[in-house]
Structure formats: structure tokens, C-alpha cells
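The chain contents come next:
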Amino acid sequence: MNDSTPDIRTRIVHHPYQPPEGFVAPQPGVFKASTVIFPNVAAMREREWKDKTGYTYGLHGTPTTYLLEERLATLEGGRQCLLVPSGLAALATVALALLRTGDEVLIPDNAYGPNKALAEVELAHYGIRHVLYDAMDPQDLAAKITPATRLVWLEAPGSVTLEFPDLPELVRICRARGVCTALDNTWGAGLAFAPFDLCGDGSLGVDVSAHALTKYPSGGGDVLMGSIVTRDEALHLKIKLTHMRLGLGVGANDVEAVLRALPSMALRYRAHDQVARELARWLATQAAVAQVLHPALPGAPGHAHWQALCGQADAAAGLFSVVIDARHSQAQVDRFCDSLQLFKIGYSWGGPISLVMPYELASMRQRPTPHLRAGTVVRFSIGLEAQEDLRRDLAQALAAAF
Ligand SMILES: *Cc1c(COP(=O)(O)O)cnc(C)c1O
């Protein structure tokens, strides 16, 4: 093509100008593609889409997605990473890749709710049985592993009630039985503990770490994305083949947003954590609060396990729950949430705005919860506002409701 090509429509599409190479800036470029162009047919036939030696199709990777994958693998201490459109898609992809008809999957009763729902409906339709176990009782897990068990989900701490399990012990039990372990590592975010090195000497780790990048890696409450990190090439490839056949892709702009937020994540995580702990301690002194559920606070369920795994980093997410004393009605709890001004009512966490959400625990747990006081569970996600302003907001809402 040269300037003598007559039609301006064609000339604009096939314009010959190439910007000079060697552009270097703080943020990487954003490459967008469905189609990837090959120099010739031989190159097209030779290209391998299963690894990062080249490019074949937008769904299988671009320079932008490769960059984020490599950074996330490093963050979590893994070797390979796959990006998916949400945290829940990460959980679903792991299950669909590793389970088949006749298999069993073990899920903690306090797992992220939609992970249990996927097992109850879709996995059941495919003839995959799920069994709920008590993550705080390693012997319960040990007793429930059968020859059909192919996958054990782990979560530290559990969703909403934030009980911190003895994660190394749970992994050891699965290892001894040769069962694959997959951790939902959204809370730890690769910062509170190393999922592939739970003892600090390289001797023990999970097989798969799934992470809702929607939370701290995105940090803005404006991106949905998930990742699946592994250390074993064969396991990675197995999940990647399913990932490819399911057609899971992520948008380049969303990847860019996470790449931009990732460098500040450790600072943000620390800031969320510090204010959350202070507010949790303060709430523990309030009359309406029967119990504070924060794994870094002494007395919380599993605190010793948090101390053992995360004590060195002294790190926790900016997330905690309280049990509002049973003498207060649901209407009062609702009024408390509605009275908050800075805390907004909404799902998810990890963004700059503090969030509050009341939960009906009875519908969320199949097993008894004797470690929890009677009452209504309210979860807080602490954003990046000033601690004193948040405390004042909590105080006025408590006064308005109880
Ligand atoms: C939010 C969350 C997910 C799901 O992430 P989405 O991106 O919202 O689908 C999974 N697990 C845990 C523990 C979460 O908090």
C-alpha cells in the first residue's frame, strides 16, 4: 500500500505510519484486540496460544493481560495466572476445570455464598456432589474426604462471620489424601499471608489461589475481575484449557484499571486495616454490640490461627462484622444501617467508600454456629475516609437506632 492507493476509506484503514518504537512511560500500554494479525500463514500455523511466546487471539491474551497476569502471579507467590471476568467466575472456572460427574467437592459452610450456590445448582446438575464442612474443625474435613473427593475449597477467613481456620492444617489433611486444594484468597489478597508458602519454608501451600480482583487489586469499586493463580504447570494448563473453551475474556480497560491500582494496593490494604481494627475495637465497647468478629482481635473465632499465619505481616483486610444484641429488633438494625451517612449500603468491598450490610445468618449457614452470639450480623467494609469521621458516623447511627 502506498499513497497512490486511491480510495481514502482504504487509505485510512491501511495507513502506513508506525510510531517510533521505544516509548517508555510509568504505565504500560493498553492493547485491545479480538483479532491478532499474523505476518503470514506459516506464523499463524506455528503460533502457540497455550503459553506466552506469542499472540493468537484476543481471548487468549494481549501484552496488557500478560502483564497483569505476571504481576498477580508474583503477588501471590505463584507461577501462572489466568484472568476471568469476576471473582465468582474464578471460582466457577476452577470447579468446572477440575470436577466431573461422580466427583465430590468439599466447601466450608462459611464460604462465599455464591460458591455454595454454584455447587447446589449447576454442579448438582452435572452429577457432582458437594459436602459442606466446618472449616474450624480440621477433623470434620478429614472425616468428609472420600475416594470421590477431587477438590477442597478453602477460605481464610470465612465470609461475613470471618472465622479464621487453621489453614496449614486443612491443607496438610488434603495433601495427605492427595486431594487438590483451592483457596479463595480475596481477603488475604496476597498481602496478609503467602498462599503457596503457608509455613514460610516452602514446604506447604495450596494448589490453586482464586482471587476477586474486584476488591483490593481494583480498589475503586468500579471493576469486576478475578484471577486464578497456580504453581504447577500441568494444573495451570488443565484450568487454562477449560478457561479457553468457556470463552472467558476480560476487557483491556478493566485490566488497565487494575494495573494502575496494583502499585498502591499494599498501602491501601494497610490503611483499610488500621482504621478497621480501631473501629472494631471501639464498636466492641458499645452496648448494642454483643460480639465483634474481626480475626485480628483477641477473642474473635480463630484469632490464634490468624496470629500464626498473618501475625508476622500483622495484616488483615479492612473488613469486620458485629453481632447486634438479640434484644434489638431487625427494624432497629435496619434503622441503624439507614442512619449511617458515610457508610453506604452495598455489596462487595475494597473500595474507597465504607460500606455496611446486614445479614440473615440463619439462611446462610447449614451447620450450627455456637461460637456466635445471638443477634443480627452486620458487616462493615472500611474505606479510605478519616477514622474519626467514620467513628462519629457509627456513634450517631447507634444513638438513632438503639
Ligand atoms: C467478592 C468475592 C467474590 C466474588 O467476586 P466478584 O468479582 O464480585 O464476583 C468471591 N469470593 C470472595 C471471598 C469475595 O469476597
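Predicted model, so just to flag it, every value in this text is computed and none were measured.

Chemist: Provide a residue-level description of the domain arrangement of the protein, including the pertinent values.
Modeler: Taken as a whole, the protein is organised into domain 1 (58-263) and domain 2 (265-401). Distance from the C-alpha centre of domain 1 to the C-alpha centre of domain 2: 25 Å. At the junction of the two partners, domain 1 supplies 39 residues and domain 2 supplies 36 residues. Across the domain 1/domain 2 interface, buried area totals approximately 3,100 Å², and carbon plus sulfur atoms make up 64% of it. The largest per-residue losses of area from domain 1 upon contact with domain 2 belong to Val160, Trp187 and Tyr216, which jointly make up 27% of the total buried on that side. At the surface where domain 1 touches domain 2, the tally comes to one salt bridge. Arginine 367 is the partner of aspartate 140 in a salt bridge, and the nearest nitrogen-oxygen pair spans 3.7 Å. Along the contact surface separating domain 1 from domain 2 lie 15 residue pairs in polar contact (both at pLDDT 80 or more). Elements that contribute at least two residues to the side of domain 1 that touches domain 2 include exactly strand S3 (129-133), helix H6 (138-144) and helix H7 (167-177).

Chemist: Help me get a handle on the UniProt feature "modified residue: N6-(pyridoxal phosphate)lysine" (unreviewed entry) in the protein, residues and values and all.
Modeler: Following the UniProt record, one finds the feature "modified residue: N6-(pyridoxal phosphate)lysine" (unreviewed entry) at Lys215. Along the polypeptide, lysine 215 turns up in the loop between strand S6 (208-212) and strand S7 (226-230). For lysine 215, a relative accessible area of 9% puts it in the buried group. If we ignore the near neighbours within four places in the chain, the residues touching lysine 215 are Thr186, Ser348, Trp349 and Gly350.

Chemist: Quick rundown of the layout of surface pockets? Include the residues and the values.
Modeler: Taken as a whole, the largest pocket spans an internal volume of roughly 740 Å³. For the largest pocket, the lining is made up of 38 residues, of which Tyr112, Gly113, Pro114, Ser159 and Arg379 are closest to its centre. Put simply, the parts of the chain that give the lining of the largest pocket at least two residues each are helix H4 (87-98), helix H5 (113-125) and S6. Tallying contributions element by element places H5 first for the lining of the largest pocket, with five residues. Counting contributing residues per domain, the lining of the largest pocket is built from domain 1 (58-263) and domain 2 (265-401), each supplying no fewer than three. Approximately 450 Å³ is the volume attributed to the second largest pocket. Taken together, the elements giving at least two residues each to the lining of the second largest pocket come down to helix H3 (63-76), strand S1 (80-84) and helix H8 (233-246). Broken down by element, the lining of the second largest pocket gets its largest block of residues, five residues, from H8. In terms of residue class, the lining of the second largest pocket is built from 12 nonpolar, 11 polar and nine charged.

The rules behind each value
- Residues numbered from 1 in each chain as written.
- Predicted model: local features only at pLDDT ≥ 70, side-chain atom pairs only at ≥ 80, totals over all residues.
- Heavy atoms only, no water.
- Domains from an automatic or database assignment.
- Contact = heavy atoms within 4.5 Å.
- Buried area = accessible area lost by both parts, 1.4 Å probe.
- Salt bridge = Lys/Arg side-chain N within 4 Å of Asp/Glu carboxyl O.
- Polar contact = N/O pair within 3.5 Å; in protein donor to acceptor, adjacent residues only side chain to side chain.
- Helix = DSSP H or I, 4+ residues; strand = E, 2+ residues; numbered from the N terminus.
- UniProt positions renumbered as here; feature names shortened; annotations may be inferred.
- Buried < 20%, exposed > 50% of the residue type's maximum accessible area, 1.4 Å probe, protein only.
- 1 Å grid on protein atoms, 1.4 Å probe; cavity = no way out; pocket = protein on both sides within 12 Å on 5 of 7 lines; lining within 4 Å.
- Points joined across faces, edges and corners; volume = space filled by probe spheres on them.
- Nonpolar A, V, L, I, M, F, W, Y, C, P; charged D, E, K, R; others polar.

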